[in-house]
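Here is how the chains run, residue by residue.
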There are 2 protein chains.
Amino acid sequence: MDSKTQARLTTRANVFKALAHPSRLLIVEELARKERCVCELTEMIGADMSTVSKHLSVLKGAGIIQDEKRGLQVYYRLKMPCVLRFFDCVGEVIETNVKEQWELVNLR
Amino acid sequence: MDSKTQARLTTRANVFKALAHPSRLLIVEELARKERCVCELTEMIGADMSTVSKHLSVLKGAGIIQDEKRGLQVYYRLKMPCVLRFFDCVGEVIETNVKEQWELVNLR
DNA sequence: ACACTATTTGGCAAACTAGCCAAGTAAAAT
DNA sequence: ATTTTACTTGGCTAGTTTGCCAAATAGTGT
């Protein structure tokens, strides 16, 4: 694999990495509905605010979400709504897996 | 976050995790073109065959690819081609990031 | 200027991931 | 039956990620 391909794939992999955590997926799903401040997201996730803040900075670093400070709060919103289209396919993958496991079990 | 949501998100995150590595993305791209045996993929990636085999088992475990043994070789193929649709959006995300950095640089 | 609130950052331990090598398995060829 | 080839698995080390706590920063209100 040449270094140009390597670089291209690493950049792409980083976007997937940003989405590869349950709390970060919850954040994306929630921001798809409406913008939210860190305290609201922290409440939903139920982790330390510093932990949530770090998750947010991973998503922001990947260019998936955006922030805006208003007064004391920082509001985050979904910057690339196209990521929501991922979820259909991910659902399909999981559904297929479940079906296959079910069939395996039913072979007596 | 209740435990049902937690479970749903963890399952979904695992699909993204499987895609979150440059070699695994190369594998997916290549299998989108045609099925390949482990030795061909190993050649392309340029890592130890045992490493490639482990990457393949991550993708297989996530339900994204499928294998079939024929003689001495094991052939892998893309099982869920819908993941290819991810790439358009990932490209869009990266392009947007690059544009923004470019604009930042050009502010004098 | 001081206290208060919302958020980010640094530091650290625990858990996880990646890659190599060596050893194991399974089908094919001799 | 033994050897060879293609692949997988186990074991180990190095590097990365996660999450908590404590400390720092930045606005707001008094």
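Right above here is the structure, for reference.
Residues numbered from 1 in each chain as written. Chains lettered and ligands numbered in written order. Predicted model: local features only at pLDDT ≥ 70, side-chain atom pairs only at ≥ 80, totals over all residues. Heavy atoms only, no water.

(A) Expanded view of the environment of B:Ser57. Residues and elements named next belong to chain B. Position of Ser57 among the secondary structure elements: in helix 4 (residues 49-61). Residue Ser57 is classed as partly exposed on the basis of its relative accessible area of 43%. Along the backbone, Ser57 and Ala7 are 50 residues apart, and their C-alpha atoms lie at a distance of 22 Å. (Helix = DSSP H or I, 4+ residues; strand = E, 2+ residues; numbered from the N terminus. Buried < 20%, exposed > 50% of the residue type's maximum accessible area, 1.4 Å probe, protein only.)

(B) How the structure looks around the nonpolar core. Counting 64 residues, the largest nonpolar core has A:Phe16, A:Ile64, A:Phe86, B:Phe16, B:Ile64 and B:Phe86 as its most contacted members. With near-sequence residues (within four places) excluded, A:Phe16 lies in contact with A:Phe86, B:Phe16, B:Leu19, B:Ala20, B:Leu25, B:Phe86, B:Phe87 and B:Val90. (Core = buried A, V, L, I, M, F, W, Y, C linked by side-chain atoms within 4.5 Å. Contact = heavy atoms within 4.5 Å.)

(C) Looking closely at the packing of helix 1 (residues 3-19) of chain A against helix 1 (residues 3-19) of chain B. Axis separation between helix 1 of chain A and helix 1 of chain B bottoms out at 8 Å; the angle between their running directions is 160 degrees. In terms of their interaxial angle, helix 1 of chain A and helix 1 of chain B are classed as roughly antiparallel. The handedness of the crossing between helix 1 of chain A and helix 1 of chain B is left-handed. Note on element contacts: helix 1 of chain B touches helix 1 of chain A through B:Ala13, B:Phe16 and B:Leu19, opposite A:Ala13, A:Phe16 and A:Leu19. A class-by-class count of the residues in the contact of helix 1 of chain A with helix 1 of chain B yields six nonpolar, no polar and no charged. (Axes fitted to C-alpha atoms, helices over the stretch in contact; angles between N-to-C directions. Parallel < 35°, antiparallel > 145°, perpendicular 65-115°, else oblique. Left-handed = near helix turned anticlockwise from the far one by under 90°. Nonpolar A, V, L, I, M, F, W, Y, C, P; charged D, E, K, R; others polar.)

(D) A look at the protein's contact with DNA strand D. Taken together, the neighbourhood of DNA strand D is formed by 22 residues, with A:His55, B:Cys39, B:Ser50, B:Ser53 and B:Lys54 sitting nearest. When the atoms of DNA strand D within 4 Å of the protein are grouped by moiety, sugar and phosphate amount to 59% of the total. Take A:Arg24: an N or O atom from its side chain is 3.2 Å from a phosphate oxygen of DNA strand D. Taking A:His55, its side chain carries an N or O atom lying 2.6 Å from a phosphate oxygen of DNA strand D. At the level of secondary structure, the elements contributing two or more residues to the surface near DNA strand D comprise helix 4 (49-61) of chain A together with helix 3 (38-45), helix 4 and strand 3 (73-78) of chain B. Classifying every residue of the surface near DNA strand D gives nine nonpolar, eight polar and five charged. (Near = heavy atom within 4 Å. Polar contact = N/O pair within 3.5 Å; in protein donor to acceptor, adjacent residues only side chain to side chain.)

(E) Region of interest: the pattern of salt bridges. In total, this model carries 22 salt bridges over all chains according to the counting rule given. The partner of A:Glu35 in a salt bridge is A:Arg77, and the shortest N-O contact between them spans 3.3 Å. With A:Glu35 in the loop between helix 2 (22-33) and strand 1 (36-37) and A:Arg77 in strand 3 (residues 73-78), this residue pair connects regions lying 42 residues apart in the sequence. Exposure remark for A:Glu35: the relative accessible area of 26% places this residue in the partly exposed category. For A:Arg77, a relative accessible area of 31% puts it in the partly exposed group. A salt bridge links B:Asp67 to B:Lys60, with the shortest nitrogen-to-oxygen separation between them at 3.0 Å. (Salt bridge = Lys/Arg side-chain N within 4 Å of Asp/Glu carboxyl O.)

(F) Quick peek at the protein's contact with DNA strand C. In the vicinity of DNA strand C, 22 residues are found, and the nearest of them are A:Cys39, A:Ser53, A:Lys54, A:Tyr76 and B:His55. Each atom of DNA strand C within 4 Å of the protein was classed as base or backbone; sugar and phosphate made up 59%. B:Arg24 places a side-chain nitrogen or oxygen 3.3 Å from a phosphate oxygen of DNA strand C. One of the side-chain N or O atoms of B:Ser50 is found 2.9 Å from a base nitrogen in DNA strand C. Those elements that place two or more of their residues in the surface near DNA strand C are helix 3 (38-45), helix 4 and strand 3 of chain A together with helix 4 of chain B. Partitioning the surface near DNA strand C into residue classes produces nine nonpolar, eight polar and five charged.

(G) The arrangement of helix 3 of chain A in detail. Residues and elements named next belong to chain A. All of the buried residues along helix 3 are Val38, Leu41, Thr42 and Ile45. Viewed end-on, helix 3 has its buried residues packed into an arc of 105 degrees, placing them on one side of the element. Against helix 2, strand 1, helix 4 and strand 3 lie the buried residues of helix 3. Positive backbone phi, approximately 75 degrees, marks Gly46, located one or two places after helix 3. (Arc of directions from axis to C-beta.)

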